[in-house]
Amino acid sequence: MKKQKRHQTNLISGIVLLVMTALLVFLSIILYNHSRLEVRFDTLISWLQEINDAIVALDSDVEIILCIFALYIAKCQLPIPMSFLCVVSGVVFPLWQAVAINLAFSLFFFIVKYEEGRFIGGGWTGMILGIKQLRFVRDWIQFKGTGNPYVLFVSRLVPSIPLGMVSKYYGSLHYDFVYYCCLSVLGFAPRLFIYTKIGGAIFNPFSVQFIVLLIIIVAFTGVSAILFNVFYGIKSKQMNQTLLIYSQKEKYKIVL
């Protein structure tokens, strides 16, 4: 059983590493040839630039902000990627205005999901963490029943962890609201900035800036997923050893 779990952990890490490496090599090739690609796809870039100029020429910023806010409201119940919403703001507004808009609306999303968890419970997250193999993760997140601030911060920083599920779970724990908002914003801020900046550079997908930003996202997502998988494998092994020792002392068998 131990060898099987270790093999499974290594297999998942290997697949993630292989996919990440392939994407990074592909993006590196594009980065190396970006000048030739810009010339080759000049028509596409010109068309995207016309769209950019049309967006800049829009008069009613308030209506655009309301439309973006409506997307964030829809995000509270629909699986719309947060990265997409940040990119949309980056497309329409200058960088720092878009960052401010995304920060405000992201905080709104975090608050809504927190309140959902406070009133109706942790939802799918609580059910998943109730599985025997994941109870050590639940205990680590709960941190004496009040919530672990380090997990909250890291969960906002790592792209592979769902934002809404974590928010609802911390709401179900009745974690301190002010700390929750501060840690959520601070943890998500680096990702938010990169996504928003991508929105500003999206009208030239072969520019150095756009490709480098994609490389950063791919590398960080892959590395964080591998580290989480390794951490899960180590903690799962420690938990199994503890249960085995306890079962021997109590003279009964626990099926792992």
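The model shown is predicted, which means the values in this text are computed figures rather than measured ones.

A closer look at the pattern of salt bridges
Opposite charge on two side chains makes pairing possible when the charged atoms of those side chains draw close.
Thought 1: Applying the stated criterion across every chain yields a total of two salt bridges.
Thought 2: Close ionic contact of Lys113 with Glu116 constitutes a salt bridge, the shortest N to O distance being 3.1 Å. You can see Lys113 and its partner Glu116 sitting in helix α6 (residues 95–120), three residues apart, about one turn around the helix. Each of the two residues, Lys113 as well as Glu116, counts as buried.
Thought 3: Put simply, Arg118 and Glu115 hold a salt bridge, and the shortest N to O gap is 2.8 Å. Here Arg118 pairs with Glu115, and both are found in helix α6, just three residues apart, close to one helical turn.
Thought 4: Owing to a relative accessible area of 24%, Glu115 belongs among the partly exposed residues under this scheme.

Observations regarding the nonpolar core
Buried together is how nonpolar side chains tend to be arranged in soluble globular proteins.
Thought 1: Of all hydrophobic cores here, the largest spans 28 residues; its most connected members are Tyr72, Met82, Cys86, Leu152, Tyr170, Tyr180 and Phe188.
Thought 2: Those elements that provide at least two residues to this core are α4 (61–75), α5 (82–92), α6, α9 (149–157), α10 (163–172) and α11 (177–201).
Thought 3: Take this core: its biggest share by element is seven residues, from α6.
Thought 4: Those residues in contact with Leu152, other than ones at most four positions away along the chain, are Val166, Tyr170, Tyr175, Tyr180, Leu183 and Ser184.

Quick word on unusual backbone geometry
Thought 1: For His174, which is not a glycine, the phi torsion comes out positive at approximately 55°.
Thought 2: Taking relative accessible area as the criterion, His174 reaches 52% and is therefore assigned exposed.

A look at the environment of Ile80
Thought 1: Within the secondary structure layout, Ile80 lies in the loop between α4 and α5.
Thought 2: Apart from the residues within four sequence positions on either side, Ile80 is in contact with Leu71, Ala74, Lys75 and Leu85.

Observations concerning the packing of α6 against α11
Thought 1: One can describe the packing of α6 onto α11 by two numbers: an axis separation of 9 Å at closest approach and a directional angle of 140°. Taken together, α6 and α11 sit at an angle that is classed as oblique. Note that α6 runs across α11; the crossing there is right-handed. Where α6 approaches α11, its residues Leu95, Trp96, Ala98, Val99, Asn102, Leu103, Ser106, Leu107, Phe110, Ile111, Tyr114 and Glu115 are matched on the opposing element by Phe177, Tyr180, Cys181, Ser184, Val185, Phe188, Leu192, Phe193, Thr196 and Lys197.
Thought 2: Classifying every residue of the contact of α6 with α11 by side-chain character gives 16 nonpolar, four polar and two charged.

Parameters and conventions
Residues numbered from 1 in each chain as written. Predicted model: local features only at pLDDT ≥ 70, side-chain atom pairs only at ≥ 80, totals over all residues. Heavy atoms only, no water. Salt bridge = Lys/Arg side-chain N within 4 Å of Asp/Glu carboxyl O. Helix = DSSP H or I, 4+ residues; strand = E, 2+ residues; numbered from the N terminus. Buried < 20%, exposed > 50% of the residue type's maximum accessible area, 1.4 Å probe, protein only. Core = buried A, V, L, I, M, F, W, Y, C linked by side-chain atoms within 4.5 Å. Contact = heavy atoms within 4.5 Å. Axes fitted to C-alpha atoms, helices over the stretch in contact; angles between N-to-C directions. Parallel < 35°, antiparallel > 145°, perpendicular 65-115°, else oblique. Left-handed = near helix turned anticlockwise from the far one by under 90°. Nonpolar A, V, L, I, M, F, W, Y, C, P; charged D, E, K, R; others polar.

By themselves, these figures tell us nothing about what the structure is for.
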